[in-house]
Amino acid sequence: MIPHWSAIVKSLETYLKPKGLDLIVPLQVGWYNDTVPETYKIPLADNRLIVLIGNNKNLWQPFVDAMDLESISDHPLNDYSMRVVTEAVEHLETDVEIKTDKVYWVHETEPGKMVAAGRMVLASGMARLSDELHLSVHPTFGPWFAQRAVLTFNSINGPDAPLYNAPPLEVNPKILQAVKAELDHALTLSKRPTPSNWTLWLRPRITFAPTHPYMYSEAQVMFHYSKSIEDRHKIIRASKLNQPLDYILDSPPEAAVACRSLIQKVLEEAAANKPDAILLSGGLDTSIIAEASASPIDNIKAIPPIMPVTAGITVRADPQAQDAVYAKSICDKLKIKHLCIDIPIEKLLERVPDVSRHLVSFDPMELRNSIVIYESLLRAKKEGYKCVVTGDGADELFAGYSFYQSMDEEKLAAYRQQIAKIMRFTSSVLAASMGIRVISPFLDKRVIDFALSLQKKDLIGERSPVPNGQTHGKLVLRRAFPEATSQWRAKEPIEQGSGTTKLRMGYFDNYPDTNTPFSTLQADCYATHRVVIRDREHLYFFHHFLEAFNNDLNNVPLQRFEKEDSCPACGFALPSKDQDFCVTCGFWPARTTTANKASADKAMAQLTSLLDSFKL
Ligand code: B12
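All values reported here derive from a predicted model rather than from experimental measurement.

Criteria and thresholds
- Residues numbered from 1 in each chain as written.
- Predicted model: local features only at pLDDT ≥ 70, side-chain atom pairs only at ≥ 80, totals over all residues.
- Heavy atoms only, no water.
- Near = heavy atom within 4 Å.
- Polar contact = N/O pair within 3.5 Å; in protein donor to acceptor, adjacent residues only side chain to side chain.
- Helix = DSSP H or I, 4+ residues; strand = E, 2+ residues; numbered from the N terminus.
- Pairing = 2+ DSSP bridges.
- Axes fitted to C-alpha atoms, helices over the stretch in contact; angles between N-to-C directions.
- Core = buried A, V, L, I, M, F, W, Y, C linked by side-chain atoms within 4.5 Å.
- Buried < 20%, exposed > 50% of the residue type's maximum accessible area, 1.4 Å probe, protein only.
- Domains from an automatic or database assignment.
- Parallel < 35°, antiparallel > 145°, perpendicular 65-115°, else oblique.
- Contact = heavy atoms within 4.5 Å.
- Nonpolar A, V, L, I, M, F, W, Y, C, P; charged D, E, K, R; others polar.
- Phe/Tyr/Trp six-rings, centres within 6.5 Å; stacked < 30°, edge-to-face > 60°.
- Lys NZ or Arg CZ within 6 Å of the ring centre and 35° of its normal.
- Salt bridge = Lys/Arg side-chain N within 4 Å of Asp/Glu carboxyl O.

> Explain the site of the ligand residue by residue, including any values.
Neighbouring the ligand are 22 residues; Val115, Arg119, Leu133, Ser136 and Gln147 lie closest to it. The side chain of arginine 119 places a nitrogen or oxygen atom 2.7 Å from an oxygen atom of the ligand. The contact in question runs from a nitrogen atom of the ligand to an N or O atom on the backbone of leucine 133, over 2.7 Å. For the shell around the ligand, the elements supplying multiple residues, two or more each, are helix H5 (117-124), strand E5 (135-137), strand E6 (146-157), helix H6 (173-189), helix H7 (198-208) and helix H8 (218-225).

If you want it as structure tokens, here you go:
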């Protein structure tokens, strides 16, 4: 009995999907032949079945798994596809008892052997052509799919009508314009391929659909856009052995090489102090400290790490918070203990009076983050640890915060110079309160000087080796340490990664009660304490600050109402002439400088009108 086309498709799917070829598309010969020049026509009756076989990103893993590193051929993906499709054809013969007439390989370009695969995709209805990108675009996979083979069946009819009808592409005209410009640029330069321009051909595909969920993995992208057999072999090898791909197609930037050797040196010196544990948020900075190895940048060995800690400590105050997830995978990789403190936010808040007293602060931003650090340090203490490592300083010095990204070269340099003078980190104060020593490698003078010598291009830019349309800060650190698990993790402040962010998302809406309007609470607080509070969360922290100092602000070990140098919102002394942020109440800008004049004038005008309203 002659099988129905659908039985053939089903059998092919069963065989090919697990091998990564999961686009199996049936169509009638005529639909395709009508769209191609004579040389590409398939010599069968119009109603006969052809099956187009292709792949998306799911191909990569089965393909790599199938590779024998001792004998990779010159065209491994073509060879893999040919082997797997040939096996599927044999399987078809036993499964549904039908022979294929001919198999066309999409990589063949000789007349007679070649099919116009792009046109066949369109004839099947499964995707639409983008004139700007010169690729067909699938409703689910976007431009991230490819064709491998076409099977023809002389005795089987194809489907009566196309199985698919991809909707017309709807893409923002600005994106299309950018795609076209990038592709034109690639076409003008493509006659002169150099190792450094391999991303030129890739850019239009990324710009067309930035961060597409079906974008190929880094290794797969690099494989398809690389220029030599040798490079492709290196990519397969690194992919199979889970090694960094960073410097296979590109050489390491000078700044990354210098950064790596300096930080390796600083870590080696720090390691001599034998720290017991790391406060591990699992962000880029702590991931580098925990995982950096002594190997050179072009031959990264992930293990052993330079820093010999025995444990990583992480706080999770919300089941959704991500720090613990990254931290666990770092500890698993290093085979060290992961001390994950799962603690409800209510319990964590019990630390507020202590933290507030040690830091002499009721700044919500500071406290949301510092209660997390304090809890980690308490755990370190309980474990008997004497010395811990932190990632403090990397965000400030290497431009980790997103607001750095819009600054021009000059402003960025000036801002970092300034922040290097005023930055302070609560971990050392809190640790000192319990007799624990803190090592912060990014705060080493040599690292600070190095960071301040860098330019914007070293600090802010695209992901590498495969750009994905997103911009990252701390670029030089990311490029210097490919072995870091969190190499490309997006920046998350401690409060977000640990889960204390919810404190500023309405957690205190009913504090201290629901009856008193906030304006009354604010006016009362000012009348009693001469302190301007900004919201109910701020009031909560202020109350605990008061409690920490026995309900009398005179007990606070800071000058108050010193004319020149006090915060206009709380009256406490600003810590230094360079500081325009009140570390006690969190008011900013608490002092007018040339750099912050516009914001400071506005903030002062608002504050004056608020104070006037209290007098009414
Ligand atoms: C020749 C060819 C190219 C040439 C095109 C040069 C030219 N203008 O002649 C070059 C080398 C530039 C090329 C590049 C790429 N190609 Co190409 N290419 C082919 C190939 C082998 C034949 C196309 C053909 O001549 N068809 C016959 C004619 C009659 O049909 P056509 O529809 O008129 O074909 C035209 C278009 O396909 C067009 N075209 C195809 N690719 C490109 C790329 C650019 C930049 C331009 C301007 C035009 C263009 O040129 C053809 C001739 O005018 C097909 C495989 C195949 N067997 O069909 C893959 C194919 C079209 N290419 C493909 C891919 C993926 C690429 C690259 C991404 C590969 C890479 N890693 O760099 C780049 C595309 C860059 C981009 N657009 O972003 C895929 C498309 C998948 C999809 N989703 O649409 C195919 C189907 C291969 C496959 N295995 O799946 N390609």
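> Can you lay out the sheet that holds strand E10 (residues 387-389) for me, pointing to particular residues and giving the numbers?
Pairing is parallel in the open sheet, where 5 strands are placed in the order E9-E8-E7-E10-E11. Each edge of the open sheet is held by one strand with a lone partner, namely strand E9 (337-342) and strand E11 (437-439). Averaged over all pairs of adjacent strands, the angle between strand axes in this sheet comes to 30 degrees, irrespective of strand direction. Across 2 bridges, strand E7 (residues 277-279) lies against E10 in parallel orientation. Bridged to isoleucine 278 within E10 is valine 389.

> Can you lay out the nonpolar core for me, pointing to particular residues and giving the numbers?
Of all hydrophobic cores here, the largest spans 62 residues; its most connected members are Leu377, Phe542, Phe545, Cys567 and Phe587. No fewer than three residues from each of domain 2 (254-499) and domain 3 (518-615) sit in this core. In terms of nonpolar packing, the next biggest core, distinct from the first, is built from 53 residues, Val266, Ile288, Ala290 and Val447 among them.

> An account of the packing of helix H23 (residues 518-529) against helix H25 (residues 597-615) is requested, with residue identities and associated values reported.
H25 packs onto H23 with a crossing angle of 85 degrees between their chain directions and a minimal axis gap of 10 Å. Put simply, H23 runs roughly perpendicular to H25. Each of Gln522, Ala523 and Tyr526 in H23 lies in contact with H25, whose residues at this interface are Leu610, Leu611 and Phe614. Across the contact of H23 with H25, the residue classes break down as 5 nonpolar, 1 polar and no charged.

> Can you explain the side chain of serine 130? Please cite residues and give values.
When you line up the elements, serine 130 lands in strand E4 (residues 128-130). In this structure serine 130 comes out as buried when scored by relative accessible area, which is 2%. In terms of polar contacts, serine 130 uses its side chain to reach the backbone amide nitrogen of leucine 133, at 2.9 Å. Apart from residues no more than four positions distant in its own chain, serine 130 is found in contact with Leu135, Val137, Leu169 and Phe208.

> Before we move on, could you go through the packing of aromatic side chains and cite the residues and values that matter?
One pass over the structure, following the stated rule, counts 24 aromatic pairs. When the ring of phenylalanine 362 is compared with that of phenylalanine 545, the centres are 4.8 Å apart and the planes differ by 50 degrees; the resulting orientation is tilted. Placement of phenylalanine 362 in the loop between helix H14 (352-359) and helix H15 (364-382) and of phenylalanine 545 in helix H24 (residues 536-548) is noted, with a sequence separation of 183 residues between them. As far as the burial class goes, phenylalanine 362 and phenylalanine 545 line up, both buried. Three or more aromatic residues joined by ring pairs make a cluster, and in this case those are Phe362, Phe542, Phe545, Phe549 and Phe572. Lying across the ring of tyrosine 15, lysine 19 places its NZ or CZ 4.4 Å from the centre. A cation over an aromatic ring shows up here: arginine 560 above the ring of phenylalanine 572, its NZ or CZ 4.8 Å from the ring centre.

> How would you summarise the pattern of salt bridges if you had to cite specific residues and measurements?
Tallying each qualifying case throughout the model produces 31 salt bridges. Here aspartate 318 ties to lysine 502 by a salt bridge, and the two come within 3.9 Å at their closest N and O atoms. Of this pair, aspartate 318 sits in the loop between strand E8 (311-316) and helix H12 (323-334) while lysine 502 sits in the loop between helix H22 (494-498) and H23, placing them 184 residues apart in sequence. For aspartate 318, a relative accessible area of 18% gives the class buried. Note that glutamate 492 and arginine 489 form a salt bridge whose closest N and O atoms lie 2.3 Å from each other. Given a relative accessible area of 6%, arginine 489 falls into the buried group. Among the charged side chains, a salt-bridge network with shared partners connects Asp285, Asp395, Lys474 and Lys491.

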